[in-house]
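# Tertiary structure, described
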Amino acid sequence: MPDPSDAPDRPLAAASEAVRAGVVLRSTGSWYTVATETGEQVLARVRGRFRLEQEVLDETNPVAAGDRVRLRTEADGTALITEILPRHNQLSRRAAGRRVSREHVIVANVDFAWGVQAAALPTFNPGFLDRLLVMAEAYHIPAGIVINKADLLRDRADLQDAVFFWRDLYAGLGYPVLLTSALEGDGVGAFRTHLRDKTSVVAGPSGVGKSTLLNTVDPALDLKTGEISQKTRKGTHTTTFATLYPLTDGGYVADTPGLREFGLAGIAPEELSGYFVEMRPFIGECRYPDCTHDHEPGCAVADAVAEGTISEERFSSYLNILDSLRAGAADAGR
Ligand code: GDP
Ligand code: ZN
């Protein structure tokens, strides 16, 4: 047995025994904020070797928010990420400005994706939701819809008709749809229950009330709302990084950049219809196996639209996304 006194690195070795597991909350450059099992937050770095491995994997960032990691505490009180546990999924976008596009992982290990829209102010935007749902289907992430600002529907029969149309359409496709009012509290309890003990992405255009709603779900979040948050987020590089916020009741909410930042990286045009749940039953019935359902003869999807089995609105979203995939502009969110 060696004498411990002649081991010069003894203090470091002792510290390295403190191996812990944690969840990455965010990255700021080469530092990561990691929540440990005890809920404590530590700053951590990544071993250089990970970066090299990721080059091979064609990902620009070695560690993303949501990653489950193992940490070794260093002598100076910071931590070293020594291991990234396998991801069960990841949301990513293409890294811009390269001829050969690489993946930028925005958030890993997502259990659920919520697309948030407002009943009004801003106007309900189904195109946004359909992109989110396609992305969720492509990444095998269960998804649902929150329609916030439900209080604005009061005494507005015209608005109700429109909003209930969308609610029924998406509910009919099997997606949970929640109507909430962050201002008055309706539906907030149901949303809170859905978020508990999961890592949830909550995405929606600015102004729909995401921050207000999440603050109502869990006041400890204390997210910035209104004009200020939009100003600080605009045009900054940090918009491509997600932040995970721990929920008091357990679980995390991921604040992700807008859907346009996700893009639909890697989806081939002929794959797209597979991510529209209501089109799936018809895909195999088309005359051509690689049918894109926009011009081909003998198309079962087009027939289903003509018969009203597939909604015109969803088919029109499908065609829009198909166009952007063909233009290679899926990442631009158009
Ligand atoms: P975000 O950009 O999606 O995070 O939206 P914010 O949370 O910043 O909210 C944008 C604006 O909508 C703010 O003025 C909020 O007060 C307002 N708002 C949020 N939730 C509701 C709601 O349920 N009803 C109404 N009427 N206004 C809301
Ligand atoms: Zn077809």
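Note that the structure is predicted; figures quoted are calculated from it, not measured. (Residues numbered from 1 in each chain as written. Chains lettered and ligands numbered in written order. Predicted model: local features only at pLDDT ≥ 70, side-chain atom pairs only at ≥ 80, totals over all residues. Heavy atoms only, no water.)

## A look at the overall build of the chain
Scanning the chain from N- to C-terminus turns up eleven helices and 13 strands. For the chain, buried positions account for 48% of its 334 residues. Contacts in the chain between residues at least 24 apart in sequence constitute 63% of all its contacts with a sequence separation of at least 6. Carbon and sulfur atoms make up 52% of the accessible area of the chain, which amounts to about 16400 Å² in all. (Helix = DSSP H or I, 4+ residues; strand = E, 2+ residues; numbered from the N terminus. Buried < 20%, exposed > 50% of the residue type's maximum accessible area, 1.4 Å probe, protein only. Contact = heavy atoms within 4.5 Å. Areas by Shrake-Rupley, 256 points an atom, 1.4 Å probe, with all protein chains shown as cover.)

## As for the site of ligand 1
In the region of ligand 1, 18 residues are neighbours, and Asp151, Gly207, Ser211, Thr212 and Gly226 sit closest. Contact distances for ligand 1 include 3.1 Å between a nitrogen atom and a side-chain N or O atom of Asn148. The contact in question runs from an oxygen atom of ligand 1 to an N or O atom on the backbone of Leu183, over 3.3 Å. Look at ligand 1: alone it shows 580 Å² of surface, and the protein chains cover 80% of it. (Near = heavy atom within 4 Å. Polar contact = N/O pair within 3.5 Å; in protein donor to acceptor, adjacent residues only side chain to side chain.)

## Focus: the nonpolar core
Counting 58 residues, the largest nonpolar core has Val107 and Leu272 as its most contacted members. It is helix α3 (residues 126-138) that contributes the most residues to this core, seven residues altogether. The contact partners of Leu272, leaving out residues within four places of it in the chain, are Val134, Ile267, Tyr318, Ile321, Leu322 and Leu325. (Core = buried A, V, L, I, M, F, W, Y, C linked by side-chain atoms within 4.5 Å.)

## Focus on the packing of aromatic side chains
Counted by the stated rule, this structure contains seven aromatic pairs. Relative to Phe191, the ring of Trp114 lies with its centre 5.4 Å away and its plane at 90°, an arrangement referred to as edge-to-face. Taken together, the residues Trp114 in strand β8 (residues 112-118) and Phe191 in helix α5 (residues 188-195) connect sequence positions 77 residues apart. Each member of the pair, Trp114 as well as Phe191, is classed as buried. Here a set of aromatic residues connected by ring pairs shows up, and it is made of Phe124, Phe165, Trp166 and Tyr170. If you follow Arg167 out to its NZ or CZ, it ends over the ring of Phe164, 4.1 Å from the centre. (Phe/Tyr/Trp six-rings, centres within 6.5 Å; stacked < 30°, edge-to-face > 60°. Lys NZ or Arg CZ within 6 Å of the ring centre and 35° of its normal.)

## Some details on α5
Considered for burial, the residues of α5 that qualify are Val188, Phe191 and Leu195. All buried residues of α5 fall inside an arc of 60° around its axis, so they share one side. For α5, the elements touching its buried residues are β8, β9 (143-148), β10 (177-179), β11 (199-203), α6 (210-217) and β13 (252-255). Downstream of α5 by a residue or two, Asp197 has a phi angle that is positive, lying close to 65°. (Arc of directions from axis to C-beta.)

## A few points about the packing of α3 against helix α11 (residues 312-326)
Between α3 and α11, whose axes approach to 10 Å, the crossing angle comes to 70°. If you check the angle between α3 and α11, you find them roughly perpendicular. In the packing of α3 onto α11, the handedness of the crossing is right-handed. Listed contacts from α11 to Pro126, Gly127, Asp130, Arg131, Leu133 and Val134 of α3 are Arg314, Ser317, Ile321 and Ser324. Here the contact of α3 with α11 is built from residues that sort into four nonpolar, three polar and three charged. (Axes fitted to C-alpha atoms, helices over the stretch in contact; angles between N-to-C directions. Parallel < 35°, antiparallel > 145°, perpendicular 65-115°, else oblique. Left-handed = near helix turned anticlockwise from the far one by under 90°. Nonpolar A, V, L, I, M, F, W, Y, C, P; charged D, E, K, R; others polar.)

The analysis is restricted to geometry; functional conclusions fall outside its scope.
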